[in-house]
Amino acid sequence: MSGAAVSGGFLQRARNNIVRAFKYRKVKMLNSFMLIVLGFASIYPLYYALLASLSTPAELSMSLLLPIPGQPFASLSNYALVFRQAGLIRSLIITMLRIACNFAVVVLVSVFGGFAFARMNFPFKRFFFLFLLSTMMVPGVAMMIPNYIWYNKFPLLGGNNLLGEGGTGLVNNLSIYFVTGWVNVYNIFLFRQAFTGFGKELIESARVDGCGFLRTMFFICIPLVKPLIIVLLINISVGIWGDYMTNIVFLRTPETSRWHTIGSKTIELANYYSDKNRVGGADYPKAYAIMMVAMLPPILLFSLLQRQFVEGLTSGAVKG
Amino acid sequence: MNASITKPGMYRSKRAVREAAAGLAVVVPIFIYTLLFTVAPLIMLVRYSMTDYGVSATPQFTGLENFITIFRTEKYYSNFLSTFVIAVFVTGLGLVLGFLLGVLLNSMGKGKGFTRTLWYIPGLISMAIISQFINFMIAPAGALNRLLESMGSDPVLWTRSVFWMYFFIIGTVVWRGLGGTAILFIAGLNSIDPVIYEAARIDGAGRVRTLFAITLPLIRPMLGFILITGFINAMGIFEPVMLISRGGPDSATKVILYAIYDDAFANSKFGLSCALSLIVTAVTMLLSLVNIAISDKSIFKEEAAA
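Criteria and cut-off values
- Residues numbered from 1 in each chain as written.
- Chains lettered and ligands numbered in written order.
- Predicted model: local features only at pLDDT ≥ 70, side-chain atom pairs only at ≥ 80, totals over all residues.
- Heavy atoms only, no water.
- Helix = DSSP H or I, 4+ residues; strand = E, 2+ residues; numbered from the N terminus.
- Buried < 20%, exposed > 50% of the residue type's maximum accessible area, 1.4 Å probe, protein only.
- Contact = heavy atoms within 4.5 Å.
- Areas by Shrake-Rupley, 256 points an atom, 1.4 Å probe, with all protein chains shown as cover.
- Lys, Arg positive; Asp, Glu negative; His and termini not counted.
- Charge placed at Lys NZ, Arg CZ, Asp CG, Glu CD.
- Rg over C-alpha atoms; globule rule 2.2 N^0.38 Å.
- Axes fitted to C-alpha atoms, helices over the stretch in contact; angles between N-to-C directions.
- Parallel < 35°, antiparallel > 145°, perpendicular 65-115°, else oblique.
- Polar contact = N/O pair within 3.5 Å; in protein donor to acceptor, adjacent residues only side chain to side chain.
- Domains from an automatic or database assignment.
- Buried area = accessible area lost by both parts, 1.4 Å probe.
- Salt bridge = Lys/Arg side-chain N within 4 Å of Asp/Glu carboxyl O.
- Phe/Tyr/Trp six-rings, centres within 6.5 Å; stacked < 30°, edge-to-face > 60°.
- Lys NZ or Arg CZ within 6 Å of the ring centre and 35° of its normal.
- Left-handed = near helix turned anticlockwise from the far one by under 90°.
- Nonpolar A, V, L, I, M, F, W, Y, C, P; charged D, E, K, R; others polar.
- pLDDT = per-residue confidence, 0-100.

A.B. asks: So what's going on with the overall build of chain A? Which residues, and what values?
C.D. replies: When you go through chain A residue by residue, the secondary structure sums to 16 helices and 0 strands. Put simply, chain A has 320 residues, and 49% of those count as buried. Taking all contacts inside chain A whose residues are at least 6 apart in sequence as the whole, residues at least 24 apart take part in 63%. With the model as given, the accessible surface of chain A reaches about 15,500 Å², and the carbon-plus-sulfur share is 68%. Computed over 27 positive and 11 negative side-chain charges, the inter-centroid distance for chain A is 14 Å.

Below, the structure is given as structure tokens:
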């Protein structure tokens, strides 16, 4: 970029420019090289865990920077074994269900809510808008205990009556996976911004052609914001897949903790396999196999949808 | 701007009435859900922070006693301090390194997309799993100590050292968030008009000067936003503390959220936990207000003009 001569025809200046351009290219190559090397270094856990999961315990305990599996294919049985026991499949199923349910609801809420705030007139619009905006200030993390107390008293759920007495509400109740996290105000505003940007003409013309509200939503609006929906899909999947807190805070009895989602189940199993007091001693390769199960799916999903994800991010989020 | 002023008498036509009904049908359920899942816990927070809930079966109103207990207990000061230290380092390092990474990634030619993805990957792995991985690495007979021994040094008891515990907690969080921050910065950098850079170059500004005189001032609103949201998020760091240091050694890295969790579930002092949560909530809300005040208020302006 900086290679072109700026002005003047002096030989000296031209030469300087060439030298600088040459240096710059060198710097640039060095920069790229460094970024790629450091980038690979930053995903070290990924291939460490992969190699470790394919090693024998002895190989692993002698390894230094990276374990070198002698017979990687024989050790694939580690994966077969961890999948066969201890409820990993059960946990996978409930995690997938939770992602699917949450994704469906959040897409509907965000698209409809975003559209309503961008393109519709209704009473108290400004009040609702400012109300939702102000709830964004409530810090989710500090609400752990108040949430616990409230979920415990949640009316009409988990054996509670209307006043929230008699049962445990959403605490120690698997429905907590499916009824929380429906409304994400940030997402609503993201979609609102996208719909504001599209202009009225398209929706107006659909209406002239006889499209009702719901048909306009499903056949015009949702396809328009597909990149943003991909962003939601990735964020929700990654978030729920890795969710640890919901499990350990709200599902605390043995009957419910059997159903913990992957984010907590994999930690529990990794601890179990790495415990040296376990029958048969610690088996680190299996613990690392468990960690691979926890790490890989979000990365695969992201790599598959990466292009649309970046498109979605740059189309909507950045304008704000 | 589309005319969406809510004046009385504007819902006269049949179509406008129908639109108003549809809008309310969408927004009212969202409103009710938010009341149930965001506002109700806030009420619990304030209400139970003034009780001894958990200690006695039927919570008694105790006024400000919980807060007085907190202000008189030395360990809570140290909890707040370690939260602050971790948050400052996580935010500061994250911001500086994320910006650097963003600038470097942005100036890359070939392989930009690939490298960007590479850096984004740690952010896709859950905090808990990364913490567990670090935990395995720093175990007494873990990979890190084996490496030290192979070089002839003595093994280190990492979990007994305050410095190393802070190091690993902060390092884990910073490293995991780096790619995401860089991508935010890339978006910000690309929103700057290239003409400005061209003009600066013609005026003879060097690369360093361009960075300080043009790039940084132009992305300042973004810097503020990332700084404050980063700090708020950093105050909620929990998994690395729970899984790597368990608050140790000797509660040196016990952050406030971990103290809240402990007081509620280990010591069953829910009232006290709520009081602590209320303090944290107040601080973060204050920061959010600062954030709104300094960030560009387009979202409010737009709404006010609408």
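So that's the structure; there's more coming.
A.B. asks: How would you summarise the overall build of chain B if you had to cite specific residues and measurements?
C.D. replies: From N to C terminus, chain B includes 14 helices and 0 strands. Taken from the N to the C terminus, the helices and strands of chain B come in the order α-α-α-α-α-α-α-α-α-α-α-α-α-α. Over its C-alpha trace chain B gives a radius of gyration of 25 Å, far above what one expects of a compact globule, namely 19 Å for 306 residues. Each principal axis of the C-alpha atoms in chain B carries an extent, and together these give about 80 × 70 × 30 Å. Residues counted as buried form 48% of the 306 residues belonging to chain B. Contacts in chain B between residues at least 24 apart in sequence constitute 67% of all its contacts with a sequence separation of at least 6. Within the structure as shown, chain B displays about 14,800 Å² of accessible surface, and the carbon and sulfur contribution to it stands at 67%. Taken together, the 23 basic and 16 acidic charged side chains of chain B have centroids lying 9 Å from each other.

A.B. asks: Got a sec to walk through the packing of helix 11 (residues 213–224) of chain A against helix 12 (residues 226–242) of chain A? Specific residues and values, please.
C.D. replies: All names here are of chain A. At their nearest, the axes of helix 11 and helix 12 sit 5 Å apart, and the two run at 70° to each other. Our classification of the angle between helix 11 and helix 12 gives roughly perpendicular. Note on element contacts: helix 12 touches helix 11 through K226, P227 and I229, opposite I222, P223 and L224.

A.B. asks: Describe the interface of chain B and chain A, with residues and values.
C.D. replies: On the chain A side, the residues contacting the 94 residues of chain B number 102 residues. Inspection of the chain B/chain A interface yields 14 residue pairs in polar contact (both at pLDDT 80 or more). Here the side of chain B that touches chain A takes 24 residues from helix 1 (residues 14–48) of chain B, the largest share from any one element.

A.B. asks: Describe the domain arrangement of chain A, listing the residues and the values that go with them.
C.D. replies: Accessible area lost upon the coming together of the parts serves often as the stated size of an interface. Residues and elements named next belong to chain A. The domain boundaries assigned to chain A delineate domain 1 (2–61) and domain 2 (85–317). Between domain 1 and domain 2, the residue contacts involve 11 residues of the former and 9 residues of the latter. Together, the buried faces of domain 1 and domain 2 total about 740 Å²; carbon and sulfur atoms form 87% of this surface. If you sort the residues of domain 1 by the area they bury against domain 2, L46, A49 and S53 come out on top, with a joint share of 52%. There are 0 residue pairs in polar contact (both at pLDDT 80 or more) connecting domain 1 and domain 2. Mapped onto the side of domain 1 that touches domain 2, the elements with two or more residues apiece are helix 2 (44–53) and helix 3 (57–62). For the side of domain 1 that touches domain 2, the leading source of residues is helix 2, giving 7 residues.

A.B. asks: Can you explain the pattern of salt bridges? Please cite residues and give values.
C.D. replies: All names here are of chain A. Evaluated as defined, the whole model comprises 4 salt bridges over all chains. Ionic pairing is found between K286 and D283, a salt bridge with its closest N-O pair at 2.6 Å. This pair shows no difference in class: K286 is buried, exactly as D283 is.

A.B. asks: Now, about the packing of aromatic side chains: what can you tell me, with residues and values included?
C.D. replies: Applying the stated criterion across every chain, the model contains 49 aromatic pairs over all chains. With a centroid separation of 5.6 Å and 50° between ring planes, the pair formed by Y44(A) and Y48(A) is classed as tilted. Here Y48(A) and Y44(A) lie together in helix 2, a separation of 4 residues that amounts to about one turn. With a centroid separation of 5.2 Å and 80° between ring planes, the pair formed by F99(B) and F185(B) is classed as edge-to-face. With F99(B) in helix 3 (residues 74–106) and F185(B) in helix 7 (residues 162–190), this pair connects stretches of sequence that are 86 residues apart. Each member of the pair, F99(B) together with F185(B), is buried. One cation-aromatic arrangement involves R252(A) over F265(B); the distance from NZ or CZ to the ring centre is 3.9 Å.

A.B. asks: Give a description of the packing of helix 8 (residues 194–202) of chain B against helix 9 (residues 207–218) of chain B that names residues and reports values.
C.D. replies: All names here are of chain B. Running from N to C, helix 8 and helix 9 cross one another at 160°; their axes reach a closest spacing of 11 Å. On the basis of the axis angle, helix 8 is roughly antiparallel to helix 9. In the crossing of helix 8 with helix 9, the sense of the turn from one axis to the other is right-handed. Together, I196, Y197 and A200 of helix 8 and T210, I214, T215 and L218 of helix 9 make up the contact between the two elements. Looking at the contact of helix 8 with helix 9 residue by residue, the classes come out as 5 nonpolar, 2 polar and no charged.

A.B. asks: Can you tell me about the confidence of the model for chain B, naming the residues and giving the values?
C.D. replies: Residue and element names in this part refer to chain B. For chain B, the average pLDDT comes to 85, and 92% of its residues sit at 70 or higher. Helix 5 (residues 127–137) holds the highest mean pLDDT among the elements of chain B, 93, whereas helix 14 (residues 298–305) holds the lowest, 46. Overall, residues 299–306 carries pLDDT values under 50, and its contacts beyond four positions in sequence, including any with other chains, amount to 16 contacts. With a pTM of 0.86, the predicted complex shows an ipTM of 0.85.

A.B. asks: Could you give an account of unusual backbone geometry, naming the residues involved and the relevant values?
C.D. replies: Even without being a glycine, L156(A) presents a positive backbone phi close to 65°. Relative to the helices and strands, L156(A) resides in the loop between helix 7 (144–152) and helix 8 (176–179).

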